[in-house]
Amino acid sequence: MKMSTYTLANFRSLPAISKEELAKIQFEDTDVLSRPEDIRVRRTNLDKAIALGKSEKVKTSIILKSGDHLYRIETNIMNIQGEYTHTSNGLKIPLVCIYSVDFIFTS
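Nothing here was measured: the structure is a model prediction, and the numbers come from that model. (Residues numbered from 1 in each chain as written. Predicted model: local features only at pLDDT ≥ 70, side-chain atom pairs only at ≥ 80, totals over all residues. Heavy atoms only, no water.)

K.L.:
Talk me through the overall build of the protein; I want residue IDs and the actual numbers.
P.N.:
Scanning the protein from N- to C-terminus turns up 2 helices and 6 strands. Seen in sequence order, the protein has helices and strands lined up from the N terminus as α-α-β-β-β-β-β-β. Relative to its 107 residues, the protein shows a buried fraction of 32%. Of the contacts formed within the protein by residues at least 6 apart in sequence, a portion of 63% connects residues at least 24 apart. Within the structure as shown, the protein displays about 7,300 Å² of accessible surface, and the carbon and sulfur contribution to it stands at 52%. (Helix = DSSP H or I, 4+ residues; strand = E, 2+ residues; numbered from the N terminus. Buried < 20%, exposed > 50% of the residue type's maximum accessible area, 1.4 Å probe, protein only. Contact = heavy atoms within 4.5 Å. Areas by Shrake-Rupley, 256 points an atom, 1.4 Å probe, with all protein chains shown as cover.)

See below:
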């Protein structure tokens, strides 16, 4: 039986980009995640981000993937509509380009 290898990466050291920088990036139409369990975790974390986004003490760190490059933005997620997530700073992000979702707790 072949075991799956999974690596949890810490993306907090990846510098956050601005809304304007994000607008210049071309994202592909295919999902950056291939395993069904990873896609479920992404959706669960997005749902959690919506619930936690109402707090002023929590920001969401979203890792986006385009080709071989990863980008990080910090925002709050307001909702998910169709194939997009909408953020507090007015972004409409395709779900298929979201590689990871993490939470930043501030004091």
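K.L.:
Explain the sheet that holds strand 4 (residues 84–87) to me, and be specific about the residues and the numbers.
P.N.:
Spatial ordering of the open sheet is given by 3-4-5, a layout of 3 strands whose pairing is antiparallel. The open sheet has two edge strands with one neighbour each: strand 3 (77–81) and strand 5 (92–94). Averaged over all pairs of adjacent strands, the angle between their axes in this sheet comes to 25°, without regard to strand direction. Judged from the 4 bridges that link them, strand 3 and strand 4 form a sheet pairing that is antiparallel. When the bridges of strand 4 are listed, Ile77 appears paired with Thr87. (Pairing = 2+ DSSP bridges. Axes fitted to C-alpha atoms, helices over the stretch in contact; angles between N-to-C directions.)

K.L.:
With reference to specific residues and values, describe the environment of Gln81.
P.N.:
By the secondary structure assignment, Gln81 is in strand 3. Given the relative accessible area of 47%, Gln81 is considered partly exposed. Taking the C-alpha atoms as reference, Gln81 lies 9.4 Å from Lys92; in sequence the two are 11 residues apart.

K.L.:
Pulling in residues and values, what's your account of the sheet that holds strand 6 (residues 98–105)?
P.N.:
Strand pairs in the sheet, formed through backbone hydrogen bonds, run parallel or antiparallel to each other. Strand order in the open sheet made by the 3 strands is 2-1-6, with antiparallel pairing throughout. Each having just a single partner strand, strand 2 (69–75) and strand 6 make up the two edges of the open sheet. This sheet shows a mean twist of 20° between the axes of neighbouring strands, independent of strand direction. With 7 bridges joining them, strand 1 (residues 58–66) and strand 2 adopt antiparallel strand pairing.

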